[in-house]
2 protein chains.
Amino acid sequence: MQERREHVVIIGGGFGGLYAARQLKNAPVDITLIDRRNHHLFQPLLYQVATGALSPADIATPLRGLLKNQANARVLLGEVVGFDLANRQVILSDGEVGYDTLIVAAGAGNNYFGKREWASSAPSLKTLEDATTIRRRILSAFETAERLDNPEAARAWLTFAIVGGGPTGVEMAGALAEIAHETFKHEFRNINTADARIVLVQSGERLLPTYPPELSASAAAALERLGVEVVTGARVTDVNAEGVTLSRGDVSEFLPARTVLWTAGVKASPLGKALARATGAALDRSGRISVEPDLTLPGHPEIFVVGDMATFTHQTGQPLPGVAQVAIQQGRYAGRLIARRLRSKSLPPFRYWDKGNLATIGRGAAVADLGRLRFSGLIAWLLWVGIHLMYQVELENKVLVFVQWLWNAVTRGRSALLITNLELPASARSSYDTGTWPQVS
Amino acid sequence: MQERREHVVIIGGGFGGLYAARQLKNAPVDITLIDRRNHHLFQPLLYQVATGALSPADIATPLRGLLKNQANARVLLGEVVGFDLANRQVILSDGEVGYDTLIVAAGAGNNYFGKREWASSAPSLKTLEDATTIRRRILSAFETAERLDNPEAARAWLTFAIVGGGPTGVEMAGALAEIAHETFKHEFRNINTADARIVLVQSGERLLPTYPPELSASAAAALERLGVEVVTGARVTDVNAEGVTLSRGDVSEFLPARTVLWTAGVKASPLGKALARATGAALDRSGRISVEPDLTLPGHPEIFVVGDMATFTHQTGQPLPGVAQVAIQQGRYAGRLIARRLRSKSLPPFRYWDKGNLATIGRGAAVADLGRLRFSGLIAWLLWVGIHLMYQVELENKVLVFVQWLWNAVTRGRSALLITNLELPASARSSYDTGTWPQVS
């Protein structure tokens, strides 16, 4: 008879959860990885799907395939809705799963700071569906402008407002500028796509606030060379289908922009709130839960929280940033500590090793903050390319992304400029079975 | 002042419309290509998107990019709803476009033979959205079976019924068998995916009825070797979410199958019916319009109908098949004839040059009907691979498809096994802003 082994349940197949599972590959445990999606998503490249440079499958890898050769792991496609900590159970929408040790790595979603109603006018970028929605909106905006006779109306369709000057906002703005100035050159007949306005709105005084000021300045300069209008120190006080209202102090201005993209903030999974309520752990403004030096919750050494859901302040007094590297290192730490405990050993507290930060602006332009070494331009961009290929979790994705990037670089084109799920009038469904609507006079 | 040139309006950016536009590249005409989608779709490989071997962008190419270097052509994203033949106008849902010459190449949709209500249980495969929907259903069926304790319920989720034994049905059945027996080997823990039943239902006496009987037999044998159950001579008399009812004569049998795919028939765009009513041209059972020997409509030499919308019987007495080659050759013919007319010349009647037909069954297996030369197996499959790369309309798609096929062949995997747009419970939206639902006991 098989011995009952410790059951480790991992919630979330992002960087934190996946690296935790892999770390436990040779440990004498049974692992259940629960995700409500069937794929790991390489979020740092999601903006490239939203701007038609890559296809969804290039940056998403099915979790089952990733773990198929790890015999001690199973994958469960399911929706976690809560916990029964006393009985050590995870509650799913359609059942429950018991655990001995729990790793919660459910990540973060977008944050409209209470203005949830803005979401329909200003979509944000967290999932593959978000990315294809944004791609459709961007491409449809150019198509609509091409059809309009009214120049003012066309101008609003050719104005793109990006709210939030962090890495995602900077990357989206740069990519949109390339689409307007390069990719779509010669493709339209009635509009000049180079007339498109791309406005990047940042509430703070500089872009990329987590980077050193000189890199923020480099990024702003590089974006302006690409034709992006960088607006700092302006808050967004209203968003609707017609555009955004920007306010500085008491002065407000309405910017007509038919496409508004939201990259202004993230909020941790509400599972964090549930855990905080049950364990007494603190939550920060973004809904992230404070973890102990070993990434567990107070009084619950059997529960780890890693990645974007956790706030870890024991190293510098400041929370660690919500980036892939933190999630990877925390996931590995949790896995390692679980394995050590089985041999009645422990580990020193978690320490984040900051390998540096990179943000890309466009082809050949990026900024790199490697501690004392800070630089921008082509070298930073090549470093960005190399690292983003390296951290794809599967060789296949590395190959596919590399081929597409090479192709896009050579042709100055984009591989995946598709409008899908366009909401056509009811008469335009793919089946013609009803077949009565065309009118002939 | 610029001379007013003849205005050629082309409806549809499929093979027929696109090749007509390209044929007119150097003719002194202005071309407007109208499509309700922004991309040309390589339909023969759509089943590979539906089965996760390729990504949508691999087989779809934006029309603007394809025509950007053709100065006499513009692309209009629009929905044609009818015609005003007397005033030579195409009626769009939001305007109209005048023409001197019209090429109608709006293709065909699916055909449920009046049982439109079956569509929700048995989706068909005509658009990229159809393909990603079918992909989601197939992958979700395996995921659901993995979660179920009840073996009988799991069995229904592991049963896939494909209705229609034409090329698409054969290709889908073969690909599904490969997914169940190869791709998913070792990926699930509770089910053995090789137990999946793939049932291909054909109402006629043999698969691939337009092919020679010996190739139909080869295809059936190859599918059975892959584990597909081939059922011939059985009509589908009901479809619902639980499965399909198959009838032979008076004997009916219910097959519990949670995934049913419909490949049983096509019906021409309803624009054909509108044109027939206005011109007196005949319509066949599939809604295709009878064209003159020069592909125009009776009494309307300025209107061409090409591809899947047209039925051309002047060559053999039988209608030409609804395949890409017919559309390509007809599109080219229409373009050539329009250019000749401008020089007051004409052309002999259209003649289809049948280069042969190929249908693939799985990796290394296909059937080829090249007139007197008929064969099956690896050689037929290699031919199929070469031709399907050759007819991709852009080098980029050739490269992307080739790389993915090579990868899939080496790893016996599939590149794009993604579940997207999964309908999750309301609590599972990508934003966590509401943040109240998790319950902790």
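Residues numbered from 1 in each chain as written. Chains lettered and ligands numbered in written order. Predicted model: local features only at pLDDT ≥ 70, side-chain atom pairs only at ≥ 80, totals over all residues.

## Focus: the overall build of chain A
To be explicit about the condition: The helix count covers DSSP runs of H or I at least four residues long, the strand count covers runs of E at least two residues long, and both are numbered beginning at the N terminus. We compute the radius of gyration from the C-alpha atoms alone; for a globule the expected value is 2.2 Å times N to the 0.38, where N is the number of residues. Exposure classification rests on a simple neighbour count of other C-beta atoms within 10 Å of a residue's own: a residue reaching 20 or more is buried, one at 12 or fewer is exposed, and one in between is partly exposed. C-beta atoms are placed from the backbone.
Across its full length, chain A holds twelve helices and 26 strands. Compactness check: chain A gives a C-alpha radius of gyration of 23 Å against a globular reference of 22 Å for 441 residues, within 12% of the reference. The dimensions of chain A, computed from C-alpha atoms along their principal axes, are 80 × 60 × 45 Å. Going through the 441 residues of chain A one by one, you find that 52% of them count as buried.

## Regarding the environment of Phe83 of chain A
Residue and element names in this part refer to chain A. Take Phe83: it is sitting in strand S6 (residues 80-84). Judged by the 26 C-beta atoms lying within 10 Å of it, Phe83 is buried. Residues Phe83 and Gly98 lie 15 residues apart in sequence; the distance between their C-alpha atoms is 9.8 Å.

## Regarding the interface of chain B and chain A
For the record, the criterion: C-beta atoms are placed from the backbone for every residue, and two residues are taken to be in contact when these atoms lie within 7 Å. Under this grouping Gly is polar, as are all residues other than the nonpolar Ala, Val, Leu, Ile, Met, Phe, Trp, Tyr, Cys and Pro and the charged Asp, Glu, Lys and Arg.
Each partner contributes residues to the interface: chain B has 73 residues there, and chain A has 74 residues. Each residue belonging to the side of chain B that touches chain A can be placed in one class, and the counts come to 31 nonpolar, 23 polar and 19 charged.

## Considerations on the packing of helix H12 (residues 395-411) of chain A against helix H12 (residues 395-411) of chain B
Packed helix pairs are characterised by how far apart their axes lie and by the angle those axes make with each other. Convention followed: Axis angles are defined between N-to-C directions and span 0 to 180 degrees, where every axis is a line fitted to C-alpha atoms and, for a helix, only to the segment in contact. In this scheme, roughly parallel covers angles under 35 degrees and roughly antiparallel covers those over 145, while 65 to 115 is roughly perpendicular and the rest are oblique. Left-handed describes a crossing in which the near helix is turned anticlockwise from the far one by less than a right angle; the clockwise case is right-handed.
Close contact between H12 of chain A and H12 of chain B brings their axes to 11 Å; oriented N to C, the two are set at 165°. Considered as vectors, H12 of chain A and H12 of chain B are oriented roughly antiparallel to each other. The two elements H12 of chain A and H12 of chain B meet at a crossing, and its hand is right-handed. Contacts between H12 of chain A and H12 of chain B involve Glu396, Val399, Val403 and Trp407 of chain A from the first element and Glu396, Val399, Val403 and Trp407 of chain B from the second. When its residues are assigned to classes, the contact of H12 of chain A with H12 of chain B shows six nonpolar, no polar and two charged.

## With respect to the relation of the copies chain B and chain A
For clarity, the threshold we go by: A residue counts toward the fit only if its pLDDT is at least 70 in both copies, and the copies are then superposed by least squares on the C-alpha atoms of those residues.
Mapping chain B onto chain A leaves a residual RMSD of 0.0 Å; the transformation is a rotation of 180° accompanied by 0.0 Å of translation along its axis. Between the two chains, the operation in question is that of a two-fold axis. Within chain B, Ser55 of chain B has its C-alpha nearest the rotation axis, a separation of 3.4 Å.

## Considerations on the sheet that holds strand S12 (residues 197-202) of chain B
All names here are of chain B. Put simply, the rule reads: The pairing criterion for strands is at least two bridges between them, as found by DSSP.
Sheet architecture is open: four strands sit in the order S13-S12-S11-S17, paired in parallel fashion. Both edges of this open sheet fall to strand S13 (228-232) and strand S17 (259-262), since each of them pairs with a single strand only. Mean inter-strand twist for the sheet, computed between neighbouring axes without regard to direction, equals 20°. Where S12 meets S13, five bridges bridge the pair, whose relative direction is parallel. Residue pairing for S13: Leu200 is matched across the bridge by Val230.

## What to know about the pairing of strand S11 (residues 159-163) of chain A
Residue and element names in this part refer to chain A. With five of five residues buried, S11 is to be regarded as a mostly interior element. Of the two faces of S11, the one lined by Thr159, Ala161 and Val163 and the one lined by Phe160 and Ile162 are each fully buried. Bridge count between S11 and strand S12 (residues 197-202): five bridges; the pairing is parallel. Note on S12: the bridge partner recorded for Val163 is Val201. Pairing geometry for S11 and strand S17 (residues 259-262), over four bridges, is parallel.

## A closer look at the domain arrangement of chain A
For clarity, the threshold we go by: Residue ranges for the domains trace back to a domain assignment, done automatically or taken from a database.
Parsing chain A into structural domains produces domain 1 (6-36 + 78-110 + 267-342) and domain 2 (116-264). For domain 1 of chain A and domain 2 of chain A, the distance between their C-alpha centres works out to 35 Å.

## As for helix H11 (residues 378-390) of chain A
All names here are of chain A. Condition: What a helix is expected to span follows from its residue count: subtract one and scale by 1.5 Å. In this description, one arc is meant: the one made by directions from the helix axis to the C-beta atoms.
Counted at 1.5 Å a residue, the expected span for H11 with its 13 residues is 18 Å, and the 18 Å between its end C-alpha atoms agrees. Those residues of H11 not exposed but buried are Ala380, Trp381 and His388. Axial view of H11: buried residues confined to an arc of 100°, hence all on one face. Away from its buried face by more than 90 degrees, H11 exposes Leu378, Ile379, Gly386 and Met390. Considering only its buried residues, H11 is in contact with strand S23 (357-362), strand S24 (365-370) and strand S25 (373-376).

## So, the sheet that holds S12 of chain A
Residue and element names in this part refer to chain A. Across the sheet, which stays open at both edges, the four strands sit in the order S13-S12-S11-S17 with parallel pairing between neighbours. Two strands bound the open sheet, and with one partner strand each, they are strand S13 (228-232) and S17. Direction aside, neighbouring strands of the sheet carry axes that sit 20° apart on average. Packed on one face of the sheet, helix H7 (residues 167-183) meets S11, S12, S13 and S17 and runs near 170° to S12.

## Some details on the pairing of S12 of chain A
Where a strand is regular, its side chains alternate between the two sheet faces. The criterion, for reference: Handedness rule for crossovers: strands pointing away from the viewer, path from the first strand over the helix to the second running clockwise, crossover right-handed.
When you tally the buried positions in S12 of chain A, you get five out of six residues, the bulk of the element. Chirality of the crossover, the property in question, places the unit of S12 of chain A, helix H8 (residues 213-225) of chain A and S13 of chain A among those that are right-handed.

## What to know about the confidence of the model for chain A
So the rule is basically this: pLDDT measures the predictor's confidence residue by residue and takes values from 0 up to 100.
Per-residue confidence for chain A gives a mean pLDDT of 91; residues scoring 70 or more make up 95%. Interface confidence for the predicted complex, given as ipTM, is 0.88, next to a pTM of 0.91.

## Here we look at unusual backbone geometry
Residues and elements named next belong to chain B. Despite not being glycine, Ser344 has its phi angle at roughly 55°, a positive value. Position of Ser344 among the secondary structure elements: in the loop between helix H10 (324-342) and strand S23 (357-362). Even without glycine at this site, Arg412 takes up a positive phi of about 55°. Position of Arg412 relative to the elements: it lies in the loop between H12 and strand S26 (439-440).

## Considerations on the environment of Leu261 of chain A
All names here are of chain A. Inspection of the secondary structure puts Leu261 in strand S17. Judged by the 27 C-beta atoms lying within 10 Å of it, Leu261 falls in the buried class. Between the alpha carbons of Leu261 and Leu400 there is a distance of 27 Å; along the sequence they are 139 residues apart.

## Details of the environment of Ser121 of chain B
All names here are of chain B. Assignment of secondary structure puts Ser121 in the loop between strand S10 (108-110) and helix H5 (128-147). Note on Ser121: 18 C-beta atoms within 10 Å, which makes it partly exposed. Through-space distance from the C-alpha of Ser121 to that of Ser203 is 19 Å; in sequence the pair is 82 residues apart.

## Considering the packing of helix H1 (residues 15-23) of chain A against helix H10 (residues 324-342) of chain A
Residue and element names in this part refer to chain A. Orientation of H1 relative to H10, taken along the N-to-C sense of each, is 35°, at an axis distance of 7 Å. The element H1 and its partner H10 pack so that their crossing is right-handed. Each of Phe15, Gly16, Gly17, Leu18, Tyr19, Ala20 and Gln23 in H1 lies in contact with H10, whose residues at this interface are Ala324, Ala327, Ile328, Gln330, Gly331, Arg332, Ala334, Gly335 and Arg336. Split by residue class, the contact of H1 with H10 holds eight nonpolar, six polar and two charged.

## Notes on H8 of chain A
Residue and element names in this part refer to chain A. The end-to-end C-alpha distance of H8 is 18 Å, a good match for the 18 Å that 13 residues give at a rise of 1.5 Å each. All of the buried residues along H8 are Leu215, Ser216, Ser218, Ala219, Ala220, Ala222 and Leu223. In this structure, the buried residues of H8 make contact with H7, S12, S13, S23, S24 and S25. Directly beyond the C-terminal end of H8, a positive phi value near 100° is found at Gly227.

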